[in-house]
Structures are given as C-alpha cells and as structure tokens.
Amino acid sequence: MTSRSPPAFPPLCGLTEPMEALFSTDSRLSGRGDSFRGGLVVASNREPCAHRKTARGLQHEIPAGGLVSALDTVLRVTGGTWVAWGSGSGDREGADEQGRLWVPPENPAYTLRRVWLSPDAVKNYYQGFCNRVLWPLFHGETDRIRSRGHYWDEYRRVNRLFAAAILQEAGEDAAVWVHDYHLCLVPALLRAAHPQRTIAHFWHVPWPEPELFAGTAHAREIIAGLLGNDLIGFQIPAHADNFLKCAEAYLGASVDRAAMTVSWQGRLTRVRAFPISIDFTRFNGLAGSEETAALVARLRAKHRLPGRVALAVDRLDYTKGIRQRLRAIELFFRRYPDLRGGVSFVQIAVMTRREEPYRSCQREIAERIAGINAEFGTSEWQPVLYLRKKLGQEDLVAWYRLADLALVTPLRDGMNLVAKEYLAARHDGSGALILGTLAGAAAELPEALLVDPNDTAAFVSTISRALAMPGREQRKRMAGLRDQVRTNTIFHWVGTILDELALLPVVKRGARHALSRCEELQNRCAAGGFFLFLDFDGTLAPIVEQPEMAVMPDSIRSLVEILREHCPIAVISGRCLQDLKSRVALPGLIYGGNHGAELEGFTAAVEGRPPLAAFLAAAQQAFAALPGVQIEDKCVTASIHFRRVEPVHLEQFLTVFQELAGNYADTLLFSEGRKVFEIRPPGAFSKGDAVLRLLAGVGKGRIPVYVGDDSSDEDGFRAVRETGIAVAVGGSPEAEFYLRNQGEVADFLALLAGILPPVEKPCRTADAGKVLEHDE
C-alpha cells in the first residue's frame, strides 16, 4: 500500500452506535494478529462504515448487521485492509483518491478500501443476482428465484473488480479472507493470479441440500469459484456437509468426509464449521445496569404493556418467518381467549432493502398486524406492537430484558444472533426462547423450545408452553443456554478462525498437529530421554500488549514442575536472564536470556556493545515523538517493541526503523519477531547456538524437543530438526509440528508428561553449568 495520510472526517453525528462500543476488548485475542506477518485483507460486499450526504453535511454511519460487527472485531485485532463496496452517497468524499480511509475514524485500526460500482452494477449484480438469485437459493426459497442473463454477466464483472482491488491491496504474502455469497468467484480469480496465496472464505448464510441446486443456473461456476479457497467456513456442520455433497454432485470432486476436505483440479480445500457468536460480557453487563432497568420501566409505561411480553427482532425479510409467526399469534389469541389482555407480542422489524419483494413483504406484515390488533385489541391493550426503527444496542438490550419470551423463528438462517443476544441479556436467569429448527443457532442451543415455523398449530402450542413454563424449568433451561453463549463468544469465533488462517501456509507444506500425533511421539520417545527447550513469551506465557505484564499460567507451571523430574528443561527467551528467571521462578531448570546470549554456566565473549549503545541512543532520539514505541536495552542485545504503535503511525515507524537499521547494518544483526525488532551484535548467541551448546554437553544422547512461537525460535527449530522434534505455536516453515495457539501448549506438555519415561537423575542447572564449563 502506498504511503498516505488518512482523509479528514466530519463529526460523527448521526452515528447510531459508536463502533468501539460494539465489542469490548478481550485479552484472549492478544497476539492473534501477529500471525499475519504478510498482512490480512478482508473482502465483503458490505462496508464497515458509510458516508451519507445530508443537509448537515457528510454523516458517518455504521450499517446494520452481524457481519460488519464481527469483521470489525477481527481487523481491530489483526490490522490490515477491508475491501468493500462503497455504497454511501458521500463515500467518495469521505475517502482519498484511491478510495481508502482509516477505520474507525475515532480510533484508527485498519484501512477500508472502497470499490466503486456503477448504477447498472448495483441493479444487476446486487439487486439482481445477489438478491433475486443467490439469496432465495441459499435460503431454500427456490420459487422466488428470478434469474436473468445480464444478472450473471454483471455478477462476474463485479467479482473481477473486487479481485483486482484485493490484489492491489494485498502484499505478496498477505492472507485474503472473503465473505459470503456476493463474492463466490473471487477466490478462484485470486488463485489464478497467485497460486500459493492463502485464501479463505466464511459463508454467513445457510448452504442448502444438493436437491435445491437442481436446475439452478451457474451452480457449477459458483462451487468452482469457492474451491479456489484453501479453507471455507460455515456456520454449522450441517451447512458444511451440504457443501461437500454439492461439490461431489455438481463437479465430481473427490470428497473426504472424515477429513472434511474437497480435492478438485489438483487442489485441496478444507471445509469447517465456525459458529459465529456475540460479546456475552457486554450484553450481560448492559442488561444488569441501572440505566437499562430504568429504560425497561419507561418502555413498559410508554407502550402500556401488560404483565407478559413476547419479543421478535428481525431484519424485514421473507426468510425471517415473520408472516408465519403472525399467523401463529392470530391463532394463539383465538385458541386462548383468556390470555387476551395479559400478553403482548412486540415485533421489531427493520427494513434494509427497499426494492421488491421487500416492499410487498412490509405491506403484508403491516396489514396483518393491523388486522390482529383490530380483531383482538381493546382501548387498553394492543396485542401486537410493531416497531420499524433501527434501535441502538442499549435500547435493544432493554427490550431483551423486558421480554419474558423471545421468538426467533426464521424459515432458514445461517445463525441468527438475536437468539444469543437475548440469552446474554437474561442476566437474572429467567425467560424462555422459542427457536426455529432451521436457524443455525438451533444446532448450538438444544435447551431452547424448537419449532417448525410453518406448523402453525405446533407453533401456537409452543408459545402456550413457553408462557406457562414454571420458573424452575425456565432457570434450568436458561442456565444451559447462557453457558453455551458465555463459553463460545465472538472472541472464541475470531480466535479460532485466525488460528486456522494463520496455520494454512504450514499445513499446506505438510506440518502436522502435534496433539494428534501422540502415537508417533511415543515411538520417537522410545529411543531415549528428552531434552525439552521452551520459549517464554507466546509459549509458556500468553502474548500480552505490555510485555512486563506477561505471566505463566498456573496450569503450565504445574506441568513444567512435573516434567523437570523426568527430563532436563531449558527455557530460552529474548528477555534478559534476570527477568526470565524471575518470571519463571522454578529451580532445577536451565535458563537462557537474550536469545541464548546469556546462558547459565557459559559466558560468551561478545563484541559489539559500543555500536549497540550508539544504535540505542539514535533510536531513542528517532522515536521520541512516536507514541507506542518501547525500547528495551538488555545489555547484550536490545528489542524495539511496536505492538502499541497505532496503525496510522505504523508506516512512519517502519520507515524510520529501516533507515536507522541501514546505518548499522555492518555492525549489528536485525531480526523481526511478533511486533518486535531484535538487535544483537554479530557474536551473540542465537537460540539455535544455545540449543546446540546444551545438546553437546548435558543433553548428549537425548532427543531434543523445541517448542516456540516466534521467528527468533526458527534457529532453535533448525538446530533440532535432524535429530529431534520441532513444535511451533501457530506454525512455522522450519517446524514439522504445530500447535494451533498458546492455549494448546499446556495440552502438549501434558501429552509429554504422559509419555516421557523417568530418568534416574534429573538434570539440574548446576549440573548443566559444570558440563558447559568442562566443554570450554
């Protein structure tokens, strides 16, 4: 990306919900973005923010939808670029000449690259092929498909336009993550331009059964386009399985259902389920606030609501089952006249598409609600309250808290996050959830009351059962439902997908998951005892925003204590020796600080302090005015951390650092780690040197096992590759095994603890020192 200054932004008036409030910061995502050293490019039809021309000037808005919220969370973690259609009336004025701007404007974290579409493209690509062909197809409404030849032609043209924009933004090693049904052809186009690139796709809507594809125009081209991906993610396993069946049926592709892979034209595509979710903590906290309690009281009084309230929240669409729901409500009041006046149904339905058939759908819903209210309502009571305005999150949470019952009954849906939001907002453990059987959420929430929206009689009985449910049963069901949402949050979704994306390059090279190779490790262990080498940051301890806050979890500490009784253990880190020892604080280990340049029991003569001192003095001066840069002098080596440098300043930082490093290229060595540059004199040990030194002494005859996560650990991986086992957290081209993330380190250590044979005399630090001295 070319250097640029972000365009000026108008005041954020008209903003329904501040973007930074959509998701709270979650420490479980710290360090996840470091895995994308080549950068991450996200592509979707919808943009994360739009500019609208108004009488008050240019207004900045956030479009409604779970996709926008979820992807904003991802790019806040990773940084990178989001390529999307610039659909706002003022979008050109809100971006620079290349269609770029920083997002979000109040706290820039990533770049938005807008793609411009002509009026014909909007009509035929978006309103035509996307909305009149693909949307009904993937939601099982095949009778609503309206296919035209020029729809497909424009769809292909726009997909080529998106692919070209992505290639302009993506560096040589950047990973590309495409989203949803608007861009089915983009993966194959990118693959043709760059066969080795990492490409993934997340499919937010359902993928239907193969039978629904029968006779569908361009089904082969759509599936073939998607098989340009290395990885395709679906909401639930059933959707993933349907895709495998379609690839087999329509392309004749080779499908391995056990491995969840598709082989076609010499390529392998992995297919997985990644159920999307919400920020449980935020919704739960909002629901429990005094402000929300006061708002609940105001809403009940304003709308004169009775003692019982049932709530439905939808985007106005024929797939959401609103008409079927209203038929059930009408029959409910006929069947249970004694409940008239005692319960009201609140339907919130926001219209986001203005063309047909959505206008007709809106009219039909309004007329049916009016009919129900005319037939059953009184001057004191309204059976159905119809709200059409988009609500902010605080208002929505108040309705969730007010409602005794939530009706989430789409005819078919990818996930439907309303169900999860309602559950998170039921902080007191009361309430009931009725969930449509073909909502993706039904696969995750078995304690909900499931119903077929088209079975009106059963729907009515389920509403009656929910309203009559005893408090004890409510609380039992709600506890299970809330546990599911609390455990599997949006942060879990983001972390899981980022892990999969980051691992794709090494998996394609043949790296294997260490936790699935227990038998192989047992066999290799049989040849003799292990010598275990461990990195600290990102391995023994999670990556954190502030390195001084890094702490080794108790679970890992306990496992290391067990393992040290079976085999010698060396902890080798970029930290200085004193800091490393104080953080691990376990006797009986060998410690190596400064990437092994400070190795207990051995002191190497290192020349180069004068140039290192001069470099650090120059760095202090060069970065004095740049916020977020942390310079760490470790005596033997040095580190410059830039994790806290804001994205808008990152290019400036890198430019200054590269110029500075160039001035010292003849006297110092430079390497890049996870948001850190390491600087060391030419004579200083690397981690690989430290490993070889220890293996030649105290570790002689043992099988080395090296576990690390950073580029600085690659020297260690290379040192053990021929005779031992290299395990990279997050994967590495230099390691034969990988762990998905730092959370799996404890599992791997537990695996080792279960298979390592005891030794007669565990090696201690003092013994290691004597051996090293003898070697010298």
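Data block above holds the structure.
Reading guide: rules and limits
Residues numbered from 1 in each chain as written. Predicted model: local features only at pLDDT ≥ 70, side-chain atom pairs only at ≥ 80, totals over all residues. Heavy atoms only, no water. Buried < 20%, exposed > 50% of the residue type's maximum accessible area, 1.4 Å probe, protein only. Helix = DSSP H or I, 4+ residues; strand = E, 2+ residues; numbered from the N terminus. Arc of directions from axis to C-beta. Contact = heavy atoms within 4.5 Å. Disulfide = S-S within 2.5 Å. Pairing = 2+ DSSP bridges. Axes fitted to C-alpha atoms, helices over the stretch in contact; angles between N-to-C directions. Salt bridge = Lys/Arg side-chain N within 4 Å of Asp/Glu carboxyl O. Parallel < 35°, antiparallel > 145°, perpendicular 65-115°, else oblique.

**Q** Would you mind going over helix α5 (residues 186–193) in detail, with residue names and values included?
**A** Listed as buried for α5 are V186, P187, L190 and R191. Viewed end-on, α5 has its buried residues packed into an arc of 135°, placing them on one side of the element. Elements that come into contact with the buried residues of α5 comprise α4 (149–169), β7 (175–179), β8 (199–202), α6 (219–226), β12 (267–273) and α16 (490–508).

**Q** Describe the state of the cysteines, listing the residues and the values that go with them.
**A** Throughout the structure, instances matching the rule amount to zero disulfides. Left without a disulfide partner, C576 is nearest to the cysteine sulfur of C635, which lies 7.3 Å away. Judged by relative accessible area, C576 falls into the partly exposed class, the value being 23%.

**Q** I'd like a description of the environment of L449, backed by residues and values.
**A** Examined against the element boundaries, L449 turns out to sit in strand β18 (residues 449–451). Given a relative accessible area of 4%, L449 falls into the buried group. Other than its neighbours up to four places away in sequence, L449 contacts L433, I434, L435, T462, R465, A466, M469 and R477.

**Q** So what's going on with the sheet that holds strand β13 (residues 308–315)? Which residues, and what values?
**A** Strand order in the open sheet made by the six strands is β15-β14-β13-β16-β17-β18, with parallel pairing throughout. Bordering the open sheet on either side are β15 (384–387) and β18, each of which pairs with just one other strand. Each strand axis lies, on average, 20° off the axis of its neighbour in the sheet, ignoring direction.

**Q** Give me the pattern of salt bridges: which residues, what numbers.
**A** Across all of its chains, the model carries 46 salt bridges by this definition. Residue R191 pairs with D230 through a salt bridge whose shortest N-O separation is 2.9 Å. In this pair, R191 is assigned in helix α5 and D230 in the loop between α6 and β9 (231–234), connecting sequence segments 39 residues apart. There is no split in this pair, since R191 and D230 are both buried. Between E209 and R412 there is a salt bridge whose closest N-O contact spans 3.5 Å.

**Q** Any details on the sheet that holds β12? Residues and values, ideally.
**A** Spatial ordering of the open sheet is given by β5-β6-β4-β1-β7-β8-β9-β12-β11-β10, a layout of 10 strands whose pairing is mixed. Two strands close off the open sheet at either side, each with one partner strand: β5 (100–103) and β10 (254–256). Averaged over neighbouring strand pairs, the angle between their axes works out to 20° when direction is ignored. Relative to β9, β8 is paired through three bridges, and the arrangement is parallel.

**Q** Explain the packing of helix α8 (residues 280–287) against helix α12 (residues 393–402) residue by residue, including any values.
**A** Helix-helix packing: each pair is described by the crossing angle between the helix axes and the interaxial distance. Interhelical geometry of α8 versus α12 gives an angle of 70° and a closest axis separation of 9 Å. Viewed along their axes, α8 and α12 adopt a mutual orientation that is roughly perpendicular. On α12, the residues that touch R282, F283, L286 and A287 of α8 are Q393, E394, V397, Y400 and R401.

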